[in-house]
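So the chains spell out like this:
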Amino acid sequence: MRALTLTILLGFSPATLFAADFSADDYLKQIKPVLKERCFACHGALKKKGKLRLDTVASMRSKDVLGKDGEMLARLMSADLEERMPPEGEALKAHEIATIKKWIVAGSPAPAGEKPEADPKSHWAFQRIERPKGFAPGKANPIDAYFAARHKAAGFVAQPAAARTLLLRRLYLDLTGLPPTVEQLASKDALPKIIDDVLKRPQYGERWGRHWMDVWRYSDWYGLGKEVRNSQKHIWRWRDWIVNSLNENKGYDQMVREMLAGDEIAPKDPEAIAATGFLARGYYKFNRTTWLDRTIEHTGKAFMGLTLNCAKCHDHKYDPIDHVDYYKFRAIFEPYQVRVDVMPGSLDLEKNGLTRVYDGNLGAATYLHKRGEEAKADKSKKISAGPPSVLAAMWEPPKPVTLPDEAWRPEMQKFVQEGVLAQAQTKVTAAQAHLEKLKRQKAGVTQNRKPAPKPVANTKQKKPVSKPAVGGSVLVDDFSKARPDLWELVGNDWRYQGGLLSLTKPSVGKSYLRSKAKHPQDFELNLKFQTTGGDKWKSVGIRFDVDQGGNNSHFVYASAYGSGKVHLAHTIEGKDVYTKALAKRPIKLNQEYTLNLKVRGLLINVALNGQFLFAYNLPRRQAGAVQLLAYDAIADFYAIEVKPLPTATVLKNASEQAKPIVVANKVPVITAGVIELAQAKLNLAKAEYALAKARIDADSARRMQLEVSLAKARVDLLDPKQAAKAAGSIKKLEADRKAGKFPAYKPLSVSKVSLIKTKNKDALPSSGGYPKTSSGRRTALAKWLTHRDHPLAARVAVNHIWMRHFGEPLVESVADFGLRAPKPLHQDLLDYLAVELIESGWDMKHLHRLMLSSKTWQRSSSNLGADKKTLAGDKSNHHYWRMNSRRMESQVVRDSLLHLAGTLDLTRGGPSIASSPNVRRRSLYFIHSRDGRSKFLATFDDADMLACYRRSESIVPQQALAMMNSQTAIAASRAIAATFKPDMDAQAFVRSAFMMILGRQPAQAELAASKTFLEQEPKRDHFIHVLINHNDFLVIR
Amino acid sequence: MNHDDPYAISRRSILQSALGFSALAVNGLMAAENKHVLPDGQPHFQPKAKRVIWLFMRGGVSHMESFDPKPELSKFAGKSIGETPYKSVLDPSKIRKLRIPIKGDANGHTRTKIFPLQTGFKKYGQSGIEVSDWFPNIGSCADDIAFIRSMWTSDNNHGAQVQFHSGRHMLDPRVPTIGAWINYGLGSLSDNLPQFINIGPRFFDLKDGHYLGPAYDAVNLKIDPRNPLAYAKPHGGITASDQLKNLKLTNKLNRIASEQYPLDPVIEARMKSYELAYRMQTAVPEALDFKKESTETRKLYGLDQNETKTFGQQLLAARRMSERGVRFIQIMHGDGAAGAWDNHSGLKKGHTKLSKQVDLPTAGLLKDLKQRGLLEDTIVVFATEFGRTPGSQGANGRDHHAFGFSVWMAGGGLKGGVVNGATDELGYHAIEDPHYVTDVHATINHLMGINPRKLEVPGHKRLDRDYGHVINPILA
């Protein structure tokens, strides 16, 4: 320890020596806060380093550290970093030290009855949850009983109940995230019945699923390009598990257990295993420690409200969680890895699978990282799994779990076996059929050889071909709005916005607009566009003569790659054929270009921005459509015009003949070699089938693996490029077979998308496939968390649920219930509800019912007519004398617009979808990750998938722009307007629209203003647009 | 409030509701009255500058071939560092600690074979400061610039971009960037334009405000008056006059409804946000419309040349936005996730091309600001996330280098023609006056009249390192 070379002097005798120009009160105001901030963490209730406490004057005196030459001042002022206090961060400021000195010189006066800081173990949130004493609501709603008492004591008067229809709007939005229909608003049923009915709707699971997805940080995979760096593919199954579990009213405790240890507690149940997506989501490709750090942090925050992350590098500064506790908690997770299991349906793990965790590395050791640095891991001591010591009473040591066969040999599941065999059988059948076809063709061809048709040659251009193509029409579009009458639109990344059409993601031919009508044979085309970005080629242009299937066309494009060019090419039977018709021109991003094509017969002239580029003779023509083209590019399209080419227009001739395109019917020549190849491939397919079958019997699998390799080598032998290598392989394999040397056993369904492929050695499971047992640590964690004696889980859960009904949490810091969270104002209520939750079997619907059937929740959210004393005494509504208004979350905004328009697709579940204004599913199914985000949702404070324990509710002009201008909002207003009968008179329409969109009747003044508006602007969709921009649409009153 | 024209209200009044507390960015996390009071938008002391134009080169500009030329590299080309008189740079005790986000990363290694300078350098101006031949135009403005040659950071991968903007390592919880702090701390200079604008690509950190709230995020703009920002124009067939009519009715109905909800700060704030949005629709495209700019101006920014056109347009837009009252304009140069300046190979080719894109327009910006009298109260920052290794990577590249790199600042309250800090002869370590990235933030805050400690949000304690130290020698 630090050797102190200073002597400790006698302390001054208290107070008598000097006049108190520094009082005990000054100590409380100026000194104690500094000591609290900088010193208590080590010298207070949390720990007593050097057996010294600084949280009371008495304790300071008892250790004799005060005094002008005392240890305290000496340490504070020491220039020696080994001795200086505090030892971390900067020294106390000069004026702070001066103040302390002043106080010491004044005799260090102490305030009367100064209490030491409370023992951290006595923190309110660490006490077992009990029903509060003296609070027995009996049959009354406990929330109402609780606040009735508060209001009585304070002399507050609560607001009356909200208007019926506003209340129903609030109810439906709270529980389903969708506004009530006009019929539902008109219901005369009693409220308890409506609550029950709405709780039964599957949309409840989706609404509250999205809430819990916030807390549990749901994220689809993201990374760089195709590389998964964070989260995992197919993690949507975890989302579906959340929605389904809530709809089944699975207990919260059961949900927690399944998320943390579903693979251990229900290893045969893929539904429960899908819950472990919670842990799979934490995957981070590059650094195992970072991955586990995040797991620790968010398991702590989400379920317990404990900031365990603060103890990664040092003891927690405020909570009784020390450095070792962090690594004990890490040890719980140390063995776990991620993998993807085969699911019924496609066996291709890229397309389909069950993303889940399992204990892949049972031998992995956990060490303390000194100062949180991995390089400084203390390998002398292995840390065993356990909870923070302060809450260890209810911990039971982990018991290893023996896993059923399905868990560690998932390929043994019947559906997998059948699927693999079926796949292999299909290959055999196809190879057989192909061989037979070739044999037949060989036999048939020698008899009647069809003459090869003449190649389609280029003819010299004499005069224009006169007949226009069938249906040759004029096409004009300024792309200001969608024209489904003109175009077939393919792809999710097109946006009509700002008066133009944007392609927002680069693709390779998967996004296009193809005209529904064919263009005239002789035509002139102008396309105005700008390329705004892209990956490499950044090619934008136009196809014409596009045939029915899109496999044949001609195309002209401008590429911004390199020094830029404009090029003409053909697509023939799906393959691109490039020509010499090319002009090098710099094509800049974010610059407007007009591409002009003039086509007459086979002759085409291409110009860019009015400048002629080249002429070319097309090899052939066909009647077809035009198609917008963007390859590897993002672009804006401003306008297109296609018209018949005026006969007067003179075209420049092409300088050379085009190469003829030979589209001959290919008649394959069947030689003996071809047959031999097909036979070899058939043998390969049969061998693979046999392997698949035999793998089920593990022993023969190893033999058949060799047979497959041999069969494959025999195929390769027939390929001149591979022959030499194959010959070598065959020689070796035959020798191995003779010697009985067979390859090691490989599990059938080695996952392609899990960690097994990573370079990160930490992430590899132990060799030879998945372990047969699991450590049981996460089960121990799950049981501990949901133990009746655990003081945190239920409180944290109730707080989250309360906040999402009442607009404010009972505990402000929803993810930190540690010592920095003061005892909440309504702790009794929190604890009562927490016990209700636990004793009801952790039944969340029970809690919803309690909250929603309370008068407290049903109160008006307005201050109108509020009792003056109440308003003055509790302006912020801490005592819930009225309801709080809340703004809709982003998903609710979009879902509500679509629901009112009658266009919402209520299909549930399934893989995450790319967001687009053309997609109609509920917003929670959009891809949600750092890379894939919906722009509309992001504008309204979408959940941050790094951490979102509580959503923001901002008011920014971008939201106004979105509601005023976006395709989603405008399309919705039109669709909503269309649901009204056109013969409805203005007044009825206004009333009906108010009820539908705002959940209430209009006041006289509102009615008058609306009618005046409609007189000038009879288009009703404008009025609907006004209402969806009304504050009371976005706000849940 | 101007009752005659509700569409011409000052933003500061937007923030004051009838009760006198700020409400525009009503944020669920922040609204708890007793805890947190939003700043009033006034500087804490007399500022020297009003606005910031922040030019960020993504990917890592080679400091030895930009603003800290190192002829010794050419002298010892091809030799290993151990063979030079400077081998002590590799002394483990000198190497600053890095926090490595990616274990086993192929990049960010120690490179010991010295790679010669890929271009020359000259002295410029009266100050005689040496600048690489890749930046001759910026060099010609050397007398107006304060170069800082001793920056360092602790991430040797591109998370350093996050770090340069926020002061915290990418693996730490995200905290607000310097732009967000400025936006948060100071009031609005314009009724019609967002105060914090970002132009150009970003990858690792798409938000700025973080715990301050999304109201302080930058608004992303494109230099295309037709399509400058998200939802700037009504979709399909709604005319401007229709829109205005709709908006007026919305506001009228909101006003009537507000009588039913007295003391509700949200209605007022939302109405103001609509008014600002409406004005932004015309103000933003107008700021980006260069029709009225003279030929000389266009030439100054390089709008007449293909290489410089894109960046030049962005800088011209920045000048226009400065005139029209935008507080913090952040321009990111360098496409790609990592950033185009990240030349692990082909350094000469890459940097030649990239510097050509930015050199002339940046000098043009400085000159243009100066001649319009704007440079006196504008801070221009030219920065990058780290430098590049003195040693070669592969045949012709340089790797990431966090131990010493260069940035420069110019404008309001700053000296021109000065150099602060130095690296050793190889450009390896910042040895004289080393500055962690937050020193740039501290300097900006100081010049803008902000005491960042006064902006600290309860529950989000900032460390001393987050605040940085003002770089005093470069202050005028």
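As the structure is a prediction and not an experimental result, all values here were calculated from the model.

**What to know about the overall build of chain A**
Each helix and strand in chain A was counted, giving 35 helices and 23 strands. Expressed along its principal axes, the backbone C-alpha trace of chain A runs to roughly 125 × 95 × 60 Å. Within chain A, residue pairs in contact and separated by at least 24 positions form 70% of the contacts whose partners lie at least 6 positions apart. Taken as a whole, chain A presents about 45,300 Å² of accessible surface, with 55% of it coming from carbon and sulfur.

**A word on the side chain of Asp319(A)**
Residues and elements named next belong to chain A. Inspection of the secondary structure assignment puts aspartate 319 in the loop between α15 (288-304) and α16 (323-333). Buried aspartate 319, no salt bridge; nearest opposite-charge side chain is arginine 820, N-O distance 7.3 Å. If we skip the residues at most four places from it in the chain, aspartate 319 touches Leu46, Leu306, Thr307, Asp816, Gly818, Leu819 and Arg820.

**What about the packing of aromatic side chains?**
Counting across every chain of the model gives 57 aromatic pairs over all chains. An angle of 90° between the planes, with centres 5.0 Å apart, marks the rings of Phe203(B) and Phe204(B) as edge-to-face. Taken as a pair, Phe203(B) and Phe204(B) share a single burial class, namely buried. Taken together, the ring pairs connect Trp212(A), Trp216(A), Tyr218(A), Trp238(A), Tyr252(A), Phe278(A), Phe303(A) and Trp842(A) into an aromatic cluster. Cation over ring: Lys935(A) sits above Tyr231(B), and NZ or CZ is 4.8 Å from the ring centre.

**A closer look at the state of the cysteines**
Residues and elements named next belong to chain A. What the rule picks out here adds up to 0 disulfides over all chains. Here cysteine 39 is not cross-linked by a disulfide; its sulfur's nearest cysteine counterpart is in cysteine 42, at 8.8 Å. Left unpaired, cysteine 948 is separated from the closest cysteine sulfur, that of cysteine 310, by 19 Å.

**Comments concerning the interface of chain B and chain A**
Listed by partner, the interface residues are 70 residues for chain B and 87 residues for chain A. In total, chain B and chain A occlude about 6,900 Å² of area from one another, counting both sides; carbon and sulfur atoms represent 56% of this. Taken together, chain B and chain A are joined by 3 salt bridges. Linking Arg1037(A) and Asp264(B) is a salt bridge whose minimum nitrogen-to-oxygen distance equals 2.9 Å. Mapped onto the side of chain B that touches chain A, the elements with two or more residues apiece are α6 (240-258), α7 (265-287) and α9 (306-323) of chain B. A total of 12 residues in the side of chain B that touches chain A trace back to one element, the largest contributor, which is α6(B). Split by residue class, the side of chain B that touches chain A holds 37 nonpolar, 14 polar and 19 charged.

**A word on the pattern of salt bridges**
As enumerated under the stated definition, the model contains 83 salt bridges over all chains in all. The closest approach of N and O atoms between Glu227(A) and Arg229(A), which form a salt bridge, is 2.9 Å. According to the relative accessible area criterion, Glu227(A) is partly exposed, its value standing at 24%. In this structure, Arg339(A) engages Asp341(A) in a salt bridge whose closest nitrogen and oxygen atoms are separated by 2.7 Å. Here the salt bridges do not stand alone but share partners, grouping Glu286(B), Glu293(B), Arg319(B), Arg320(B), Glu323(B), Arg324(B), Asp368(B) and Arg372(B) into one network.

**Description of the environment of Thr443(B)**
All names here are of chain B. The topology assignment puts threonine 443 in helix α11 (residues 438-447). Among the residues examined, threonine 443 registers a relative accessible area of 0% and is labelled buried. Residues threonine 443 and histidine 469, spaced 26 residues apart in sequence, show a C-alpha to C-alpha distance of 7.2 Å. In this structure, threonine 443 is in contact with Met409, Leu414, His469, Val470, Ile471, Ile474 and Leu475, ignoring residues within four places of it in sequence.

**Points about the pairing of strand β20 (residues 625-644) of chain A**
Residues and elements named next belong to chain A. Within β20, 14 of the 20 residues are buried, leaving the element largely enclosed by the surrounding structure. Across 3 bridges, strand β8 (residues 475-477) lies against β20 in antiparallel orientation. The residue of β20 that forms the bridge with leucine 475 is valine 642. Looking at chain direction, strand β11 (residues 500-503) and β20 are connected through 3 bridges and run antiparallel.

**Looking at the confidence of the model for chain B**
Residues and elements named next belong to chain B. On average, residues of chain B carry a pLDDT of 89, and 92% of them reach 70 or more. The low-confidence segment residues 1-34 (pLDDT under 50) makes 68 contacts with residues lying over four places distant or belonging to another chain. The ipTM for the predicted assembly is 0.82, set against a pTM of 0.79.

**Things to note about the packing of helix α7 (residues 164-176) of chain A against helix α9 (residues 191-200) of chain A**
Residues and elements named next belong to chain A. Contact geometry of α7 with α9 gives a least axis separation of 10 Å together with a crossing angle of 25°. Taken together, α7 and α9 sit at an angle that is classed as roughly parallel. Considering the relative orientation of α7 and α9, their crossing is right-handed. Taking contact as the criterion, the partners of Arg164, Leu167, Leu168, Leu171, Tyr172, Leu175 and Thr176 in α7 are, on α9, Leu191, Ile194, Ile195, Val198 and Leu199. Among the residues making up the contact of α7 with α9, the classes are represented as 10 nonpolar, 1 polar and 1 charged.

**Looking at helix α5 (residues 178-185) of chain B**
Residues and elements named next belong to chain B. Burial of α5 is extensive: 8 of the 8 residues sit out of reach of the surface. Of the positions making up α5, those classed as buried are Ile178, Gly179, Ala180, Trp181, Ile182, Asn183, Tyr184 and Gly185. Tucked inside the fold, the buried residues of α5 contact β1 (51-57), α4 (160-166), β5 (196-199), β7 (328-333) and α11.

**Thoughts on unusual backbone geometry**
The phi angle of most residues is negative, glycine excepted, and most peptide bonds adopt the trans form. Residues and elements named next belong to chain A. A cis amide bond, omega -15°, links methionine 85 with the succeeding residue proline 86. Here proline 86 shows up in the loop between α4 (71-77) and α5 (94-105). Notably, histidine 234 is not glycine yet its phi reads approximately 60°, a positive angle. Structurally, histidine 234 can be placed in the loop between β2 (227-230) and α11 (236-247). Here the phi dihedral of asparagine 877 falls at roughly 65°; this positive angle occurs in a residue that is not glycine. Take asparagine 877: it is sitting in the loop between α27 (868-873) and β22 (886-887).

**As for the pairing of strand β3 (residues 336-341) of chain A**
If a strand is regular, its side chains alternate between the two faces of the sheet. Residues and elements named next belong to chain A. In terms of residue burial, β3 counts as a mostly covered element, since 6 of its 6 residues are buried. Burial along β3 is two-sided: Tyr336, Val338 and Val340 and Gln337, Arg339 and Asp341, pointing in opposite directions, are all buried. Summarising the sheet, β3 and strand β4 (residues 354-359) pair through 6 bridges and their orientation is antiparallel. Residue pairing in the sheet places valine 338 in a bridge with valine 357 of β4.

**Describing a nonpolar patch on the surface**
All names here are of chain A. Judged by side-chain polarity, Val508, Trp537, Tyr561 and Tyr631 come together as a nonpolar surface patch covering roughly 380 Å² of accessible area. Looking at the secondary structure, you find valine 508 in the loop between β11 and β12 (512-515). Classification of valine 508 as partly exposed rests on a relative accessible area of 45%.

Rules used in this analysis
Here the residue index of a chain counts from 1 through its sequence in written order. Written order determines the labels here, with chains lettered from A and ligands numbered from 1. Note on the predicted model: pLDDT of at least 70 is required for a residue's local features to be given, and 80 or more for side-chain atom pairs to be given and counted; whole-chain, interface and lining totals, by contrast, use all residues. Note that the side-chain values use all heavy atoms of the structure and ignore hydrogens as well as water. Elements are defined by DSSP. Helices are runs of H or I of four residues or more, strands are runs of E of two residues or more, and each kind is numbered from the N terminus. Any pair of residues with heavy atoms lying within 4.5 Å of one another is described as a contacting pair. Calculation of accessible area relied on Shrake-Rupley with a 1.4 Å probe; when residues are assessed, cover is drawn exclusively from the protein chains displayed. Here the term buried applies to any residue with accessible area under 20% of the maximum for its type, exposed to any over 50%, and partly exposed to those in between, with areas from a 1.4 Å probe on protein chains only. For the purpose of counting charges, residues Lys and Arg are taken to be positive, whereas Asp and Glu are taken to be negative. His and the chain ends are not included. The term salt bridge refers to a side-chain nitrogen of Lys or Arg lying within 4 Å of a carboxyl oxygen of Asp or Glu. Centres within 6.5 Å are what make two rings of Phe, Tyr or Trp a pair, Trp counting through its six-membered ring; a difference in plane orientation under 30 degrees is then read as stacked, over 60 as edge-to-face, and the rest as tilted. Charge-over-ring contacts are defined here by two conditions on Lys NZ or Arg CZ: a distance within 6 Å of the ring centre and an angle within 35 degrees of the ring normal. The criterion for a disulfide is a pair of cysteine sulfur atoms lying within 2.5 Å. Buried area, as used here, totals the accessible surface that two parts lose on assembly, with accessibility defined by a 1.4 Å probe and the loss added over both. Charged means Asp, Glu, Lys or Arg here, nonpolar means Ala, Val, Leu, Ile, Met, Phe, Trp, Tyr, Cys or Pro, and polar covers whatever is left, Gly included. Criterion used throughout: strands pair if DSSP finds at least two bridges between them. Residue-level confidence of the predictor is summarised by pLDDT, bounded by 0 at the bottom and 100 at the top. For helices, the fitted line uses only the C-alpha atoms of the stretch in contact; every axis is such a line through C-alpha atoms, and the angle between N-to-C directions lies from 0 to 180 degrees. Angular relationships are summarised with four words: roughly parallel below 35 degrees, roughly antiparallel beyond 145, roughly perpendicular across 65 to 115, and oblique for the angles in between. Note on convention: near helix rotated counterclockwise from far helix by under a right angle means a left-handed crossing. Clockwise means right-handed. Candidates for patches are residues over 30% relative accessible area with no salt bridge; among them, like charges are joined within 9 Å and nonpolar side chains (Val, Leu, Ile, Met, Phe, Trp, Tyr) within 5 Å.

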